[in-house]
Amino acid sequence: PGPPRDSFLFGHSPTILKLMKENKVIYDKFLDWVKQYGPVIRINGLHHVMILSVSPETVKECLMSTKYKKDIFYEQMSNLFGVRFMGNGLLTDRDYVPWHKQRRIMDPAFSKTYLIGLMGPFNENAEHLMEKLSDKADGKQQVRMHDMMSRVTLDIIAKVAFGMEINSLEDEETPFPRAISAVMSGLVELRNPLKRYLPGNNKRIQNIRESIGLLRDTGRECIKRRQKAIDDGEDVPGDILTQILKGAALEEDCDPENLVDNFITFFIAGQETTSNQLSFAILELARNPQILEKVQAEVEDVIGSRRDLEYEDLGKLKYLSQVLKETLRLYPTVPGTIRSIDEDMVIEGVKIPAPSSLVLNSYIMGRMEEYYEDPYTFNPERFAPDAPKPYFTYFPFSLGPRSCIGRVFAQMEAKVVMAKLLQRFDFTLVEGQSFKILDTGTLRPLDGVICTLRPRTSM
Ligand code: HEM
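Residues numbered from 1 in each chain as written. Predicted model: local features only at pLDDT ≥ 70, side-chain atom pairs only at ≥ 80, totals over all residues. Heavy atoms only, no water.

Concerning the site of the ligand
Here is step 1 of the chain: Around the ligand, 28 residues are found, and the nearest of them are Tyr74, Trp99, Arg103, Thr337 and Cys404.
Here is step 2 of the chain: Between Tyr74 and the ligand, the recorded distance is 2.5 Å, taken from a side-chain N or O atom to an oxygen atom.
Here is step 3 of the chain: Within the side chain of Trp99, a nitrogen or oxygen atom sits 2.7 Å from an oxygen atom of the ligand.
Here is step 4 of the chain: Only helix H5 (96–106), helix H12 (256–270), helix H13 (272–287) and helix H18 (407–424) provide two or more residues apiece to the shell around the ligand.
Here is step 5 of the chain: Looking at the shell around the ligand, its residues break down into 15 nonpolar, ten polar and three charged. (Near = heavy atom within 4 Å. Polar contact = N/O pair within 3.5 Å; in protein donor to acceptor, adjacent residues only side chain to side chain. Helix = DSSP H or I, 4+ residues; strand = E, 2+ residues; numbered from the N terminus. Nonpolar A, V, L, I, M, F, W, Y, C, P; charged D, E, K, R; others polar.)

Digging into the sheet that holds strand E13 (residues 450–455)
Here is step 1 of the chain: The three strands are arranged E5-E13-E10 in an open sheet whose pairing can be described as antiparallel. Of all the strands in the sheet, the pair left with one neighbour each is strand E5 (143–144) and strand E10 (425–429).
Here is step 2 of the chain: Together, E5, E10 and E13 form the strand contacts of helix H7 (residues 119–136), whose direction differs from that of E10 by roughly 60°.
Here is step 3 of the chain: Packing of H13 onto the sheet brings it into contact with E10 and E13, and relative to E10 it is tilted by some 85°. (Pairing = 2+ DSSP bridges. Contact = heavy atoms within 4.5 Å. Axes fitted to C-alpha atoms, helices over the stretch in contact; angles between N-to-C directions.)

Considering a nonpolar patch on the surface
Here is step 1 of the chain: Taken together, the side chains of Phe8, Leu9, Phe10 and Leu46 define a hydrophobic patch exposed on the protein surface, amounting to about 470 Å² of accessible area.
Here is step 2 of the chain: Positionally, Leu9 belongs in the segment before helix H1 (13–21).
Here is step 3 of the chain: Since its relative accessible area comes to 63%, Leu9 is described here as exposed. (Patch = residues over 30% accessible without salt bridge, like charges linked within 9 Å, V, L, I, M, F, W, Y side chains within 5 Å. Areas by Shrake-Rupley, 256 points an atom, 1.4 Å probe, with all protein chains shown as cover. Salt bridge = Lys/Arg side-chain N within 4 Å of Asp/Glu carboxyl O. Buried < 20%, exposed > 50% of the residue type's maximum accessible area, 1.4 Å probe, protein only.)

Quick word on the packing of aromatic side chains
Here is step 1 of the chain: Counted according to the given criterion, the structure contains 16 aromatic pairs.
Here is step 2 of the chain: Note on Tyr27 and Tyr363: the rings are 6.0 Å apart at their centroids and 50° apart in plane angle, and the pair reads as tilted. Taken together, the residues Tyr27 in helix H2 (residues 26–37) and Tyr363 in helix H17 (residues 362–366) connect sequence positions 336 residues apart. There is no split in this pair, since Tyr27 and Tyr363 are both buried.
Here is step 3 of the chain: Between Phe383 and Tyr394, the ring centres sit 4.9 Å apart and the planes meet at 50°, which makes this aromatic pair tilted. Residue Phe383 is located in the loop between H17 and H18, and its partner Tyr394 is located in the loop between H17 and H18; the two are separated by eleven residues in the primary sequence.
Here is step 4 of the chain: A relative accessible area of 12% places Phe383 in the buried class.
Here is step 5 of the chain: When its relative accessible area of 17% is taken as the criterion, Tyr394 is described as buried.
Here is step 6 of the chain: Aromatic rings pair up to connect Tyr27, Phe30, Trp33 and Tyr363 into one cluster.
Here is step 7 of the chain: The ring of Phe435 is capped by Arg287, whose NZ or CZ atom sits 4.1 Å from the centre of that ring.
Here is step 8 of the chain: One residue, Arg329, lies across the ring of Tyr372, its end atom 5.2 Å from the ring centre. (Phe/Tyr/Trp six-rings, centres within 6.5 Å; stacked < 30°, edge-to-face > 60°. Lys NZ or Arg CZ within 6 Å of the ring centre and 35° of its normal.)

Everything listed here is a matter of geometry and, on its own, says nothing about what the molecule does.
In structure tokens, the structure reads:
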């Protein structure tokens, strides 16, 4: 099935590499192919065949059970440019038994009781962001909202997961945030295998390797300090780091580097994803004044002029929830997931021979007319309480056992930041920027959502 190859030897790689070079989202091309060739398409890479299916039944079957393993793509994330990156952490472990053990150990750090306790740090860091934005809110200064969102989400994950004060909102030049950005840009390189072998990129790749080294060293240091506090009988928070250490204590011959894998995993999985969602939400609200007004009115109604949000407020911010969900329909910041097909299967009447990689993609399905009326229109009413629920076409946090452990965490955090932002500022997009998406593995706004801000007069 699917489009004819560019060439017998190189498959569809020339088309894909050209799109990457032009900073285009390859999934838009895949969507064109789906429209032209049907719901199951075959994409030939340089040394790999991928099957893309947009059938909700396939999404259901492959994500809701543990029968289909995560694909070998995750091995590349384990070792980036030959250096251990996320290793066998929770996100990249492909084997069910060790993954399940890790997941059970981590679950308490995402329980409702624990998450309610995070409202303090969410409010505190969001308030810090508001102070920084107030300094710039004169209606003239241009603010790259994506940078500001990246910094606040980095400070939050560092604090609440690992008890670290990174303070990137104060000083973005400290080594840890710089190393994270260097590695994230490394993920752009990873998309294009050819780039890895270009001699001009050697220095860049070395920089990424060194950045990973710095992140892992910081992780080792942070783990050592917490272990000492536990051994000394000090009171420690029941945060993600404590859970990681508890899990290690239960293992007889635990590999200490696996703790570091999870340190990295939570920084990578828990920061950029949320900051991109916040940035796209700001972008769409600034483009849709009626929706902006409606959500501002709700925030005013629920929190008035109070500075901090209570846990109970979050459930009342229903329209804001709809806005955040609709943001992830059009811009699922993790666009999809990949499963290994180890036995032949049939999808929509098409025989899929094993072994293959099966691509399931929320970005593509979220933009299909078959599933969403007028799909390119940003319309939070799609997620109104009485609207029909999407049937396996919407999975920005994936679904089933390997779905996102941080989903509730992320949406609580996003609501606190957005509610404060909506309460305090009116924002206007600076003209001349594009609304394009940059695909770096996660999706982010290419031009960074540049806005001018003014304090809200009604507050
Ligand atoms: C897994 C999305 C925030 C931690 C995933 C997956 C998706 C996802 C799609 C599945 C990945 C795959 O199949 O390869 C998102 C989005 C977020 C978000 C859209 C924010 C808007 C977070 C946060 C944390 C987190 C805040 C941590 C505090 C994880 C972890 C996994 C994961 C550890 C692996 C789970 C497992 O395999 O058991 N996320 N995520 N995520 N996410 Fe998130």
